[in-house]
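In case you want the letters, here they are:
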Amino acid sequence: MRVKVDQELCISCGACIDTCPEVFDWNEDDKAHSIVDEVPAEMEDQANEALESCPTEAISED
Ligand code: SF4
């Protein structure tokens, strides 16, 4: 799977980075973004958890 963060919707709460730091990190605008091209199979559950827990639904599967 691939994930992307809608930069307009991200409110920089940090939940996705706390949940799955292997996939999400801050960018230069202090918004979250995906740091991997393809989510490793063993990280998919955590990435999905992050996707579902985002308060603004900024994360989607790409
Ligand atoms: S959980 Fe959502 S709003 Fe919070 S930092 Fe991640 S993408 Fe942004």
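Below is a summary of the structure that appears in this document. Small disclaimer: the values here were computed from a predicted structure and weren't measured.

Basis of the calculations
Residues numbered from 1 in each chain as written. Predicted model: local features only at pLDDT ≥ 70, side-chain atom pairs only at ≥ 80, totals over all residues. Near = placed C-beta within 6 Å. Nonpolar A, V, L, I, M, F, W, Y, C, P; charged D, E, K, R; others polar. Buried ≥ 20, exposed ≤ 12 C-beta atoms within 10 Å, placed from the backbone. Helix = DSSP H or I, 4+ residues; strand = E, 2+ residues; numbered from the N terminus. Arc of directions from axis to C-beta. Contact = placed C-beta atoms within 7 Å. Core = buried A, V, L, I, M, F, W, Y, C linked by C-beta atoms within 7 Å.

**Digging into the site of the ligand**
Then step 1. Taken together, 14 residues lie around the ligand, and Cys10, Cys13, Cys16, Ala32 and Cys54 are the ones closest in.
Then step 2. Of the residues that constitute the shell around the ligand, the class distribution is 11 nonpolar, 3 polar and no charged.

**So, helix H2 (residues 44-53)**
Then step 1. Considered for burial, the residues of H2 that qualify are Ala47, Ala50 and Leu51. Along H2, the residues classed as buried sweep out an arc of 100 degrees about the axis, all on the same side. In H2, the exposed residues that point more than 90 degrees away from the buried face are Asp45 and Glu52.
Then step 2. On its buried side, H2 packs onto strand S1 (3-5), helix H1 (15-19), strand S2 (24-26) and strand S4 (59-61).

**Considerations on unusual backbone geometry**
Then step 1. Located in the positive-phi region is aspartate 30, a residue other than glycine, with phi close to 60 degrees.
Then step 2. Within the fold, aspartate 30 resides in the loop between S2 and strand S3 (32-34).
Then step 3. A positive phi angle is found at glutamate 57, which is not glycine, with a value near 55 degrees.
Then step 4. Mapped onto the elements of the fold, glutamate 57 is located in the loop between H2 and S4.

**Focus: the environment of aspartate 62**
Then step 1. Counting through the fold element by element, aspartate 62 comes out in the segment after S4.
Then step 2. Overall, aspartate 62 belongs to the exposed group, with 12 C-beta atoms counted inside 10 Å.
Then step 3. C-alpha separation for the pair aspartate 62 and valine 3, spaced 59 residues apart in sequence, amounts to 5.0 Å.
Then step 4. Ignoring anything within four residues of it in the chain, the contact list for aspartate 62 reads Arg2, Val3 and Lys4.

**Observations concerning the environment of alanine 47**
Then step 1. Tracing the sequence through the fold places alanine 47 in helix H2.
Then step 2. With 38 residues separating them along the chain, alanine 47 and leucine 9 place their C-alpha atoms 18 Å apart.
Then step 3. Once residues within four sequence positions are removed from consideration, alanine 47 is found in contact with Met1, Val3, Cys20, Val23 and Val39.

**Considerations on the nonpolar core**
Then step 1. Counting 15 residues, the largest nonpolar core has Cys16, Ala47, Ala50 and Ile59 as its most contacted members.
Then step 2. Apart from residues lying up to four places away in sequence, isoleucine 59 is in contact with Val3, Val5, Cys16, Ala50, Leu51 and Cys54.

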